[in-house]
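Residues per chain are reported as follows:
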Amino acid sequence: CTVIFTRLATRDLHKPISILFCNLAVSDLFTSFSGFWISMLFITNPDITIFGSKDMLAPYALYTTSILSTIYNLVSIGIERYLAVAESMRTRFRVARNHSIAVVFINWVLAFFLGCLPLLGWNCLRAERSISVLYSPFCVNYLMFIAIPNVVVAFIVPLFTYLRIIIILRKRKLRMKACGQAMGTYKSAEIQVARTSISIWLLALVSYAPFFAGVIFDATNQRCHTDLYPGVYIFRNCTAMLITITCLGNPILYTLKLRTLGAKLKALRCLSANRVRACTI
């Protein structure tokens, strides 16, 4: 919420990449909200989160939608950063504000469509054979359909985009060095992009790899719920906690550093105080 507030209230942040950052914060907010909804259902009736119930379809669908939206936003940010860096070299395409708005709209439409398929009938409330053990009443084939392609996209596309950005910056640095010009800016930019990309990969690996492993286990497991209780469900809860940590890490990595965030909030507070004084006078 703090990221969304600062992005909307600060004029100098009204840029195409800022729209993607703000939408990423909205996706993380939805992930936290849906996770809190599932936690409340577990507190009130733990059995439905283990054995499955019709009441779990809506919160699980919202949880899936928010995770898919987060993945698509991360991929969109990587592509936008690549286009922004490569634009001055050989491409004439420049990302505008309307492009970012269109990408945000497409991301949410695709995430809602794929995430709400269980609400449209692709669930295992009646078919017991392919029911998921970890995420009942979702079907195993639906989880495989959602997890495999999106995990591949979440890892491959950022890998390509950020590696290309580092290569482009290194070529510029070598070109500046050959011309005898200062190259401190490109060297620092290359180091910053490399650090950010490594942090992105580590955060994505720690967060989504256990969830993907849980889906693979779900597909290959043939035992019933009671045989796997409670160890497997503790693992499921840990994967949900890791995804929540991703929601906390994304604003720091992509949007604002802690010092910059504090400076922005202080500036907004001073600006509002000056307006109050002006209105009083």
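Residues numbered from 1 in each chain as written. Predicted model: local features only at pLDDT ≥ 70, side-chain atom pairs only at ≥ 80, totals over all residues. Heavy atoms only, no water.

J.: What should I look at first to understand the overall build of the protein chain in this one?
T.: In terms of regular secondary structure, the protein chain is built from 10 helices and zero strands. Across the protein chain, helices and strands are ordered from the amino to the carboxyl terminus as α-α-α-α-α-α-α-α-α-α. Here the analysis covers contacts within the protein chain between residues at least 6 apart in sequence; of these, 75% occur between residues at least 24 apart. Total accessible area on the protein chain is roughly 15,900 Å²; 68% of this is exposed by carbon and sulfur atoms. (Helix = DSSP H or I, 4+ residues; strand = E, 2+ residues; numbered from the N terminus. Contact = heavy atoms within 4.5 Å. Areas by Shrake-Rupley, 256 points an atom, 1.4 Å probe, with all protein chains shown as cover.)

J.: Hey, could you run me through the UniProt feature "transmembrane region" (unreviewed entry) in the protein chain in this one?
T.: Feature annotation in UniProt assigns "transmembrane region" (unreviewed entry) to the following positions: residues 17–40, 60–79, 100–122, 142–167, 193–213 and 233–256. The straight-line gap between the two end C-alpha atoms of residues 142–167 is 38 Å; of that span, 100% is helix and 0% is strand. (UniProt positions renumbered as here; feature names shortened; annotations may be inferred.)

J.: Would you take a moment to explain the nonpolar core for this structure?
T.: Generally speaking, a soluble globular protein has its nonpolar side chains buried in company with each other. The biggest cluster of nonpolar side chains holds 31 residues, and the ones touching the most others in it are Y135, F138 and Y142. Contributing elements (two or more residues each) for this core: α2 (16–44), α4 (57–86), α5 (97–115), α6 (140–178), α7 (184–220) and α9 (231–255). In terms of residue count, α4 provides more of this core than any other element does, seven residues in total. In contact with Y135, other than residues within four places in its own chain, are Y60, L143, F211, D218, R236 and T239. (Core = buried A, V, L, I, M, F, W, Y, C linked by side-chain atoms within 4.5 Å. Buried < 20%, exposed > 50% of the residue type's maximum accessible area, 1.4 Å probe, protein only.)

J.: Just checking my understanding: could you explain the packing of aromatic side chains for this structure?
T.: For any pair of aromatic rings, the description rests on two quantities: the centre-to-centre distance and the angle between the ring planes. Scanning the model with the defined rule gives nine aromatic pairs in all. Pairing Y60 with Y135 gives two aromatic rings, centres 5.9 Å apart and planes at 75°, and the pair type is edge-to-face. Of the two residues, Y60 is situated in helix α4 and Y135 in the loop between α5 and α6; the sequence distance between them amounts to 75 residues. Here Y60 and Y135 have matching classes, each one buried. (Phe/Tyr/Trp six-rings, centres within 6.5 Å; stacked < 30°, edge-to-face > 60°.)

J.: Can you walk me through a nonpolar patch on the surface in this structure?
T.: A grouping of I148, V152, I156, L159 and L163 is seen on the molecular surface, where their side chains present a nonpolar patch of about 400 Å² in accessible area. The residue L163 is located in helix α6 in this model. (Patch = residues over 30% accessible without salt bridge, like charges linked within 9 Å, V, L, I, M, F, W, Y side chains within 5 Å. Salt bridge = Lys/Arg side-chain N within 4 Å of Asp/Glu carboxyl O.)

J.: Even after reading the chapter, I still don't get the packing of α2 against α5, so can you show me in this structure?
T.: The relative placement of two packed helices comes down to the angle between their axes together with the axis-to-axis distance. Close contact between α2 and α5 brings their axes to 8 Å; oriented N to C, the two are set at 20°. Looking at the two axes, α2 sits roughly parallel to α5. Of the two possible hands of crossing, α2 and α5 adopt the one that is right-handed. Side by side, α2 and α5 meet where P16, I17, I19, L20, N23, V26, S27 and F30 of the first sit next to R97, S100, I101, V103, V104 and W108 of the second. (Axes fitted to C-alpha atoms, helices over the stretch in contact; angles between N-to-C directions. Parallel < 35°, antiparallel > 145°, perpendicular 65-115°, else oblique. Left-handed = near helix turned anticlockwise from the far one by under 90°.)

J.: It is not clear to me how the packing of helix α1 (residues 2–9) against α2 should be interpreted in this structure. Could you clarify?
T.: As a packed pair, α1 and α2 sit with axes 9 Å apart at the nearest point and diverge in direction by 155°. Classified by the angle their axes make, α1 and α2 are roughly antiparallel. By crossing handedness, the relation of α1 to α2 is classed as left-handed. For the pair α1 and α2, the contacting residues are V3, I4, R7 and L8 in the first and S18, F21, C22, A25, V26 and L29 in the second. Classifying every residue of the contact of α1 with α2 by side-chain character gives eight nonpolar, one polar and one charged. (Nonpolar A, V, L, I, M, F, W, Y, C, P; charged D, E, K, R; others polar.)

J.: Looking at this structure, I do not really get α5. What am I missing?
T.: Taking 1.5 Å per residue as the helical rise, α5 with its 19 residues ought to reach 27 Å, and the 27 Å between its terminal C-alpha atoms agrees with that figure. Residues of α5 that are buried: S100, V104, N107, W108, A111, L114 and G115. Down the axis of α5, the smallest arc covering the buried residues is 140°, so these residues share one side. Of the exposed residues in α5, those oriented more than 90 degrees away from the buried face are N98, F105 and I106. (Expected span 1.5 Å × (residues − 1). Arc of directions from axis to C-beta.)

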